[in-house]
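# Residue-level structure breakdown
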Amino acid sequence: MNDNQCNRRNFLKVGLTLSAATMVAPANAIADIARNDDEFKIAVGPYLQTNFNHSITILWLTNKNAAGWVEFGETAENLNQKAYGKTELGLMQANSKLNAVTINNLKPGVKYYYKLVSKEIKDFQPYKLTYGETVTSKVEEFINTDVNKEEISFLMMNDIHDRPESIPLLLNLVPAKKQDFIFFNGDVFDYQTDEKQIIDHMLQPCVDNFAKQTPFIYVRGNHETRGKFARVFPQYYMHVGYAAFTLGPVRFVVLDTGEDKEDSHPVYAGIVDFDDYRIQQAEWFKTEINSKAFKKAPFRIVLMHIPPRFSGDAHGPKHCTELFEPLLNQGKIDLVLSGHTHKYMVHQPDKDLNHYPLIIGGGPRDGARTITKIKANKNKIVVSMLDDSGKEVGAYTALKK
Ligand SMILES: [Fe+2]
């Protein structure tokens with residue numbers, strides 16, 4: 001293992017504890033927003049992401065480089081606490097258009113009010129920093145989900161494929177909207193082109209519809225790995241890779257399934273290594289299966305874009321079956337939720353193959369789109385998949401074994 005691999009492995013190992021505040025903006029971030037617009041402003045956000053554990057990350061984009069913080073409190077009138085984005089090396093996050101502040105040690109089940117404050121950095125000299133305008137957002141609110149709550153609920157969307165109008169359309173089909181989180185199971189985009197695409201096709205629809213109050217969790221699909229902006233894209237999020245977390249009666253495992261074609265395929269031009277990445281995840285998943293948190297949870301749900309089987313003979317899907325299915329069976333996973341095939345389907349457990357039920361969400365086109373509702377308590381998981389007319393097209397109940 002060379003140094004880079006070692007560092008990467010250590011980086012991946014920290015997974016969920018990684019602070020979003022360690023992100024550094026690329027030099028060209030928000031270039032499009034800043035053009036023809038001299039007034040300093042909060043351009044996008046706030047949007048919330050979390051992996052629970054009584055912490056939340058608040059992200060926003062300014063149109064020019066800035067320093068900033070979040071003011072928060074338990075009443076709208078008294079935002080008496082402040083949180084800053086911090087880098088790993090003692091510096092506060094600043095001189096960036098991407099802003100991310102993680103607040104830790106929140107009280108279980110408590111509603112918090114918050115607002116963003118950003119100060120434009122007009123000039124950054126080694127010994128003299130010149131601030132410009134200060135802007136603030138409206139006061140917003142979120143509930144810090146109690147990780148010990150008895151019943152949880154979330155929604156899954158997948159394979160939006162650059163059709164941002166699908167996000168509000170699908171969310172409007174769900175009558176009771178208060179969810180613990182919204183999960184994007186990959187392929188929100190066709191490929192990564194630029195920042196404007198990330199904003200217009202995902203961040204803004206999320207901000208407009210739920211993300212100021214309700215966090216989202218996101219894992220890449222195979223399409224998010226493509227295009228010239230794929231290496232910058234993760235910086236707009238708290239987390240888009242593999243992860244594990246506990247919420248209520250469920251231990252969640254998120255796998256980042258990588259590309260569907262072999263790494264040597266000409267379209268990847270020799271610059272991807274998903275075989276190694278999937279092998280690393282399988283090693284990590286083995287450790288996860290033996291963890292206390294995994295073993296003691298009443299239920300275990302795995303979220304992964306490429307299904308662990310039933311998605312064709314391409315290299316990526318086959319590698320997922322080979323690496324992950326034995327672990328899904330060994331770990332007695334209660335439910336796997338996937339996308340990728342663009343054909344919604346409920347696959348029942350099979351005693352010889354997939355010991356777990358597999359629910360695959362639909363595709364991007366009208367009539368094939370789905371939103372999947374999941375509720376769980378310590379006795380059962382109930383899944384209901386709706387198509388884009390609101391009709392239930394798939395259902396599954398998993399009882400405590
Ligand atoms: Fe896909």
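Just so we're clear, the structure is a prediction, and the values are computed from it rather than from any experiment.

## What about the pattern of salt bridges?
One pass over the full model with this rule turns up 16 salt bridges. Measuring nitrogen to oxygen at the nearest pair gives 3.0 Å for the salt bridge that ties Asp260 to Arg226. With Asp260 in the loop between β12 (250-255) and α5 (274-289) and Arg226 in the loop between β10 (216-219) and β11 (243-247), this pair connects stretches of sequence that are 34 residues apart. Look at Asp260 and you get buried, because its relative accessible area is 14%. Arg278 serves as the salt-bridge partner of Asp275, at 3.0 Å between the closest nitrogen and oxygen. Of this pair, Asp275 and Arg278 are both found in helix α5, three residues apart, which corresponds to roughly one turn of the helix. Relative accessible area serves as the criterion here: at 25%, Asp275 is assigned to the partly exposed category. By sharing partners, the salt bridges in this structure join Arg226, Glu259, Asp260 and Lys261 into a single network.

## Looking at the environment of Gly132
The residue Gly132 is located in strand β6 (residues 128-136) in this model. With a relative accessible area of 27%, Gly132 lands in the partly exposed category. With 92 residues separating them in the primary sequence, Gly132 and Phe40 have C-alpha atoms 8.4 Å apart. The residues touching Gly132, leaving out its near neighbours within four places in the chain, are Glu120 and Lys122.

## Section: the domain arrangement of the protein
Under the domain assignment, the protein is made up of domain 1 (17-143) and domain 2 (152-399). Computed from C-alpha atoms alone, the centre-to-centre distance between domain 1 and domain 2 is 28 Å. Taken together, the 30 residues of domain 1 in the interface contact 28 residues of domain 2. The contact between domain 1 and domain 2 buries some 2400 Å² in all, and 60% of this surface belongs to carbon and sulfur atoms. When the area that domain 1 buries against domain 2 is broken down by residue, the three leading residues are Gln49, Asn51 and Phe52, summing to 28%. Linking domain 1 with domain 2 are one salt bridge.

## Concerning the coordination of the iron ion
Around the iron ion, the protein supplies Asp187 (OD), Asn222 (OD1), His305 (NE2) and His340 (ND1) as donor atoms, at distances of 2.1 to 2.2 Å. Every donor counted, the four donor atoms about the iron ion form angles of 88 to 175° at the centre, which fits irregular coordination. Each donor residue of the iron ion belongs to the same chain, and together they define the spacing D-x34-N-x82-H-x34-H. On the criterion of sequence distance, the pair formed by Asp187 in the loop between β9 (181-185) and α4 (195-211) and His305 in the loop between β13 (299-304) and α7 (315-330) is long-range, its members being 118 residues apart. Both residues of the pair, Asp187 and His305, count as buried.

Reading the values: the criteria
Residues numbered from 1 in each chain as written. Predicted model: local features only at pLDDT ≥ 70, side-chain atom pairs only at ≥ 80, totals over all residues. Heavy atoms only, no water. Salt bridge = Lys/Arg side-chain N within 4 Å of Asp/Glu carboxyl O. Helix = DSSP H or I, 4+ residues; strand = E, 2+ residues; numbered from the N terminus. Buried < 20%, exposed > 50% of the residue type's maximum accessible area, 1.4 Å probe, protein only. Contact = heavy atoms within 4.5 Å. Domains from an automatic or database assignment. Buried area = accessible area lost by both parts, 1.4 Å probe. Donors = N, O, S within 2.8 Å, 3.2 Å for Na, K, Ca; no water. Tetrahedral: all angles 85-135°; square planar, octahedral: opposite > 155°, others 65-115°.

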